[in-house]
Amino acid sequence: MIQRERIEMTGQIQGVGFRPAVYRLARRLGLTGAVHNDTRGVVVELQGEAVRIDKFLENINLEPDKPPLAEIRSCRRVQIERVEGEETFVIEQSDAAGTALSQVTADIATCSDCLREMGDERDFRHRYPFINCTNCGPRYSIVRTIPYDRPNTTMSAFPMCHKCAAQYRDVADRRFHAQPVACPECGPSIHLTDSTGRTLRTGTDEVVSETARLLKTGRIVAIKGIGGFHLAVDALNEKAVLRLRERKRRDHKPFAMMTDSVEKVRRYAIVDELSEGLLVNPRAPIVLLPRRSDSPIAPAVAEGVSTLGFMLCYAPLHYLLFAEGLGVLVMTSANLSDEPLICRNERALERLGDVADAFLMHDREIHRQVDDSIIHFVDEQPVPLRRARGYVPAPILLECDSPQGILATGADLKNTFCLVKRNQLILSEHIGDLEDAVVYRHYVGSIEHLRGLFDVDPQVVVCDLHPGYLSTSYAHSLKDVRVIQVQHHWAHIASVLAEHGHAGPVIGLECDGTGYGTDGAIWGCECMIATLRDFRRFGHLEYYPLVGADRASKEAIRPLLSLLRQAYGDDSRGEPLSWLRGHVDVDASLFDMVCEQIDRRINAVNTSSLGRVFDAVALLLGLGERNYFDAQLPMRLESVIDCDVDDIYAFDLVENGNEPVKISLRSMIRQIVDEVQRGAESGAVAARFHNTLAEALLKMAVLARDRTKLDVVALSGGVFCNRYLANRLVKRLKQAGFEVLCNRGVPANDGGIALGQAAIAACILNDET
């Protein structure tokens, strides 16, 4: 019997070749109807025998009919009235309200089909460094404006030859409407220059061969890729890596590495099944992996941490280089210090002429620079530490449409921003730290570009409460918009709620380094009862005075002396302080100045920052006295944990009438000082410290459940980028009967703040309509 069904699908099914796949399958099964995109996914109308419609739905979820990048999350079937006289199946124009976002998708690693063709001497794209198809290649990084057609991308400079054009127009071909499609006859090309821009080699074979030779001899090469330049050097050559650190002005932060197979990665790091799946994923992120004890990676690549960051080749050019016998390369973002990633040839020569010995460049313009994404695992689930290439601009979807366009300006550190269009939360790629003037200009320009690209006209702008944030100032500088300010830690919890489609209320546990509180204090270890509409502070880490403003986040002696003064009271001026002077490697004048600032409350603010407690304990254990990059000392503290130690230190929950419950760590600090004085192993102390924090947060959550009857806990904040603490706390919460929600698609650090801000604003606007 002939029937007609309307099938509404959601998931990662826009911009991944899904509609052509639907078309081909429907035609093969003899079904008529149509397919189009809307703001929520893809809508298919199928007419034919019921058994054929069932077969369609079975096959579209299976290879080879399912496109490699497609992920169907939901499928709703509704029988509708038949259309008489319909004879064919067509691809219809998409819903205009969803067109912009559905057309612009993430940059994806080279697929196996393209790699096979690139290695085939009989194929006309043999050894072509820019081979791509509908299933792979650049997207987001090359688009200037919509609609996403070749004239509106940086490929407009390369008219298609007749062979490429024929594939582009053939709906049955893998390159149907693949905008970057090209070949050696009509597409971009590579060349090699020295640091002055003088051409050294042209032609793919000569350029690749000479570049590989330079890398094997310890030279630094700037390599232009998909989203920008990398600075590459042999990761086994300690002198070469140190030279790169000196020239790049990056003395401490770990470098990422690249190789061409999982088997090679296993020589240097421990790769389990979950990690392997992520390494070979088409998004091709950097994956943080446990370092092998016998790893020959140069020590200067990643000192003071127990993990190594690896990614596999994701551009055809990468594969050609590694085919020349390269082993493993440092592949770090090409910039100086914390400036934005460089993507233009002229800029690379200007800024990196004193850094790189040679430049492997190409003539395809990168319109949107995009860093590599970084992923780690929490509770056996992948979670981004930096969300960028391969993941952006895929939206997070709201249950309801926002009645107005929204811009969320994010935080000042690890900034991202977020646009809201109807039910779509469009989170930008990683921007960086806004205190750098170059980064701030990039931030402002990026907002304007994405507003135009996705056709979003924000009438509402949402920002942080902190009056000193540049992102807050930017929000207030915009004209003819309504500004909503959202407390930092509430936004963290809201990011989790938005990801999970959970409106709340939940028990929110938020732990980080700093966030402006509603009482003017600097919050950083919070328990709140939160929804997307409001929050109530239930508890927090006991306040301690922090002196020195921004210096306190870098100089660990500042929080350490404050915590000692709190733990010992007036007694801290005696034996504990005298012992500490001789124990820590801190300049005596700085030590005395901080003591005086604490005593006289000079430039002091109350804080509940948990991040600074990590700094203090790391200094006590002799792991360093300064954060040269964000969370350096906490990372070192995590790296020395003895996982066989399961006990904890003493702590207290302090209740006082209607005031928020306070976690007191005074007993813990005294016990740590006592153990360090007695020469305890750093690994055991570090383990007990982390275990204590997990137990204190668990106890706070249990008390909140007793008072509110809520049994769902949401975790967020930069402290939960600490895998040991996050995993232990999640496990303990589940053992206590809680449902636990964590960030999964966006970072738990400040890279997720904008998403939470946007979700809160959308909820507020919906409540008002």
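Relevant structure appears above.
Report follows, based on the coordinates. Since we're looking at a predicted model, the values are computed, not measured. (Residues numbered from 1 in each chain as written. Predicted model: local features only at pLDDT ≥ 70, side-chain atom pairs only at ≥ 80, totals over all residues. Heavy atoms only, no water.)

### Overview of the packing of aromatic side chains
No. 1: A full pass over the atoms with the stated rule returns eight aromatic pairs.
No. 2: Ring plane angle 15 degrees and centroid distance 6.0 Å describe the contact between Y268 and F310, whose orientation is recorded as stacked. Placement of Y268 in the loop between α8 (262-265) and α9 (273-279) and of F310 in strand β12 (residues 307-312) is noted, with a sequence separation of 42 residues between them. Summarising the burial analysis for this pair, Y268 and F310 share the class buried.
No. 3: Arranged with centres 5.9 Å apart and planes meeting at 40 degrees, the rings of Y440 and Y443 form a pair that is tilted. With Y440 and Y443 both in helix α12 (residues 437-453), this residue pair falls three residues apart, about one helical turn.
No. 4: In this arrangement the basic side chain of R245 is found over the ring face of F255, its NZ or CZ atom lying 4.0 Å from the centre.
No. 5: The ring centre of W523 lies 3.7 Å from the NZ or CZ of R537, which sits over that ring. (Phe/Tyr/Trp six-rings, centres within 6.5 Å; stacked < 30°, edge-to-face > 60°. Helix = DSSP H or I, 4+ residues; strand = E, 2+ residues; numbered from the N terminus. Buried < 20%, exposed > 50% of the residue type's maximum accessible area, 1.4 Å probe, protein only. Lys NZ or Arg CZ within 6 Å of the ring centre and 35° of its normal.)

### Focus on the side chain of N691
No. 1: Along the chain, N691 falls in helix α21 (residues 682-708).
No. 2: In this structure N691 touches V645, D646, D647, I648, Y724 and R728, once residues within four positions along its chain are discounted. (Contact = heavy atoms within 4.5 Å.)

### Quick word on the nonpolar core
No. 1: F18, V44, L46, F56 and L360 are the most contacted members of the largest nonpolar core, which has 100 residues in total.
No. 2: Per-element accounting of this core gives the leading share, six residues, to helix α1 (residues 18-28).
No. 3: With 84 residues, the next largest nonpolar core counts M668, I672, F689 and L729 among its residues. (Core = buried A, V, L, I, M, F, W, Y, C linked by side-chain atoms within 4.5 Å.)

### Considering unusual backbone geometry
No. 1: Cis geometry marks the peptide bond from V392 to P393, where omega comes out at 15 degrees.
No. 2: Residue placement: P393 occurs in the loop between β16 (381-386) and β17 (396-397).
No. 3: Cis geometry is adopted by the peptide bond preceding P505, which originates at G504 and carries an omega value of 5 degrees.
No. 4: Position of P505 among the secondary structure elements: in the loop between α14 (488-500) and β23 (506-516).
No. 5: In this model, A631 sits at a positive phi of 70 degrees, which is unusual for a non-glycine residue.
No. 6: Tracing the sequence through the fold places A631 in the loop between α18 (611-620) and α19 (632-639).
No. 7: Look at K709: it is not a glycine, yet its phi comes out positive at around 70 degrees.
No. 8: Within the secondary structure layout, K709 lies in the loop between α21 and β30 (712-716).
No. 9: Owing to a relative accessible area of 68%, K709 belongs among the exposed residues under this scheme.

### Examining the pairing of strand β24 (residues 522-530)
No. 1: Most of β24 sits out of view: nine of its nine residues are buried.
No. 2: Note: β23 against β24, eight bridges, orientation antiparallel. Following the sheet pairing, C511 is matched in β24 by C525.
No. 3: Here β23 hands over to β24 after five residues, with G520 in that stretch at a positive phi of 85 degrees.
No. 4: Two strands pair when backbone bridges link them, and β24 and strand β25 (residues 535-541) are joined in this way by five bridges, in the antiparallel orientation. Looking across to β25, one finds that A530 is bridged to F535. (Pairing = 2+ DSSP bridges.)

### With respect to α12
No. 1: Given a rise of 1.5 Å per residue, 17 residues ought to cover 24 Å, and the 24 Å separating the end C-alpha atoms of α12 matches this to within 8%.
No. 2: Looking at α12, one finds that the buried residues are V439, H442, Y443, S446, I447, H449, L450 and L453.
No. 3: Once α12 finishes, D455 follows within two positions and takes phi at roughly 55 degrees, a positive value. (Expected span 1.5 Å × (residues − 1).)

### Comments concerning the sheet that holds β17
No. 1: Across the sheet, six strands lie side by side as β17-β20-β19-β18-β21-β22; this open sheet has mixed pairing. Each edge of the open sheet is held by one strand with a lone partner, namely β17 and β22 (482-486).
No. 2: Relative to strand β20 (residues 424-427), β17 runs antiparallel, the two being bridged by two bridges. Opposite L397, over in β20, you have Q424 as the bridge partner.
No. 3: Most of the contacts of helix α13 (residues 470-477) go to strand β21 (residues 458-464), to which it runs at about 155 degrees, and overall it touches β18 (405-408), β21 and β22.
No. 4: Against the sheet, helix α23 (residues 753-768) engages β17, β18, β19 (418-421), β20, β21 and β22, with an angle of about 150 degrees to β18. (Axes fitted to C-alpha atoms, helices over the stretch in contact; angles between N-to-C directions.)

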